[in-house]
Amino acid sequence: MRVHVADHPLITHKLTVLRDARTSSPVFRQLTEELVTLLAYEATRSVKVSPIEIQTPVTTTMGVKISEPRPIVVPILRAGLGMLEGLVKLLPTAEVGFLGMVRDETTFEPTTYAERLPDDLSDRQCFAIDPMLATGGSLGAAIQFLFDRGAKDVTAICLLGTPEGVAAIEKLVGDQDVTLVLGALDERLNEQGYIVPGLGDAGDRLYGTV
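- An unreviewed UniProt entry lists the protein chain under the name Uracil phosphoribosyltransferase, from Microbacterium ginsengiterrae.
- Quoted verbatim from the Sequence similarities (unreviewed entry) field of UniProt, the annotation for the protein chain is "Belongs to the UPRTase family."
- As its UniProt record puts it under Function (unreviewed entry), the protein chain is described as follows: "Catalyzes the conversion of uracil and 5-phospho-alpha-D-ribose 1-diphosphate (PRPP) to UMP and diphosphate."

Rendered as structure tokens:
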């Protein structure tokens, strides 16, 4: 498994504002979208392309286009929806699927409650998006779900992660082709399974408490 932790002052600045408890939901949503677009540059570094010949105003030349089958972006509901627009702006030809997962707040174990994905993901590059990599349970289950459907490789993009979460994903995926892109790697998990220093519950801060 490859792990990339962003090291860019713009990302650190935006994450600082995102962490601030005083930041409003509208600003939080805007910053999340901007952060995902920045992280997506690294996350899409190995996206598959095919050569194509084009005609410029001067001559013909060779370029590249996104290969078929197209990559698929999979936000993990509900918080992952806040990251979707930032990624599809950079990768507009990608398809979009949805995966609903909920974590038991006592056991921290994930359960899949909804999915809208192709039955066959053979040879597909998948981009799973979820703001927080805490225990690694939900994201790990989502990654395995995609591989079980035949995905070729999975790139997971998270705003924040923890050493415990990274270790859990690495243990789960084994030798499968996984890339993990993080905006920051935080200190630890607390007893309630929240990231420290973190930014609170990303879903609640994006959309308000349901």
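1. Brief notes about the pattern of salt bridges
Now for step 1: For the coordinates displayed, the defined rule picks out 10 salt bridges.
Now for step 2: Among the ionic pairs, Arg22 bridges to Asp20, the shortest N-O distance being 2.8 Å.
Now for step 3: Taking the shortest distance from any N to any O, the salt bridge between Arg45 and Glu42 comes out at 3.0 Å.
Now for step 4: On the basis of relative accessible area, Glu42 is assigned to the partly exposed category, the value being 25%.
Now for step 5: Each of Arg70, Glu95 and Arg124 takes part in one network of salt bridges that share partners.

2. Focus: a nonpolar patch on the surface
Now for step 1: On the surface, a cluster of nonpolar side chains totalling about 210 Å² of accessible area is made up of Val3, Val5 and Leu185.
Now for step 2: Along the chain, the position of Leu185 falls in strand 11 (residues 178–185).

3. Details of the side chain of Thr162
Now for step 1: Structurally, Thr162 can be placed in the loop between strand 10 (153–161) and helix 5 (163–173).
Now for step 2: Taking relative accessible area as the criterion, Thr162 reaches 0% and is therefore assigned buried.
Now for step 3: Once residues within four sequence positions are removed from consideration, Thr162 is found in contact with Leu133, Ala134, Leu185, Asp186, Arg188, Leu189 and Ile195.

4. Quick look at the UniProt feature "binding site: 5-phospho-alpha-D-ribose 1-diphosphate" (unreviewed entry) in the protein chain
Now for step 1: Under the present numbering, the feature "binding site: 5-phospho-alpha-D-ribose 1-diphosphate" (unreviewed entry) in UniProt falls on Arg78, Arg103, Asp130, Pro131, Met132, Leu133, Ala134, Thr135, Gly136, Gly137, Ser138 and Asp201.
Now for step 2: Along the polypeptide, Pro131 turns up in the loop between strand 8 (125–129) and strand 9 (132–133).
Now for step 3: If near-sequence neighbours (up to four positions away) are discounted, Pro131 is found in contact with Ala79, Gly80, Met83, Cys158, Leu159, Leu160 and Ala202.

The rules we used
Residues numbered from 1 in each chain as written. Predicted model: local features only at pLDDT ≥ 70, side-chain atom pairs only at ≥ 80, totals over all residues. Heavy atoms only, no water. UniProt positions renumbered as here; feature names shortened; annotations may be inferred. Salt bridge = Lys/Arg side-chain N within 4 Å of Asp/Glu carboxyl O. Buried < 20%, exposed > 50% of the residue type's maximum accessible area, 1.4 Å probe, protein only. Patch = residues over 30% accessible without salt bridge, like charges linked within 9 Å, V, L, I, M, F, W, Y side chains within 5 Å. Areas by Shrake-Rupley, 256 points an atom, 1.4 Å probe, with all protein chains shown as cover. Helix = DSSP H or I, 4+ residues; strand = E, 2+ residues; numbered from the N terminus. Contact = heavy atoms within 4.5 Å.

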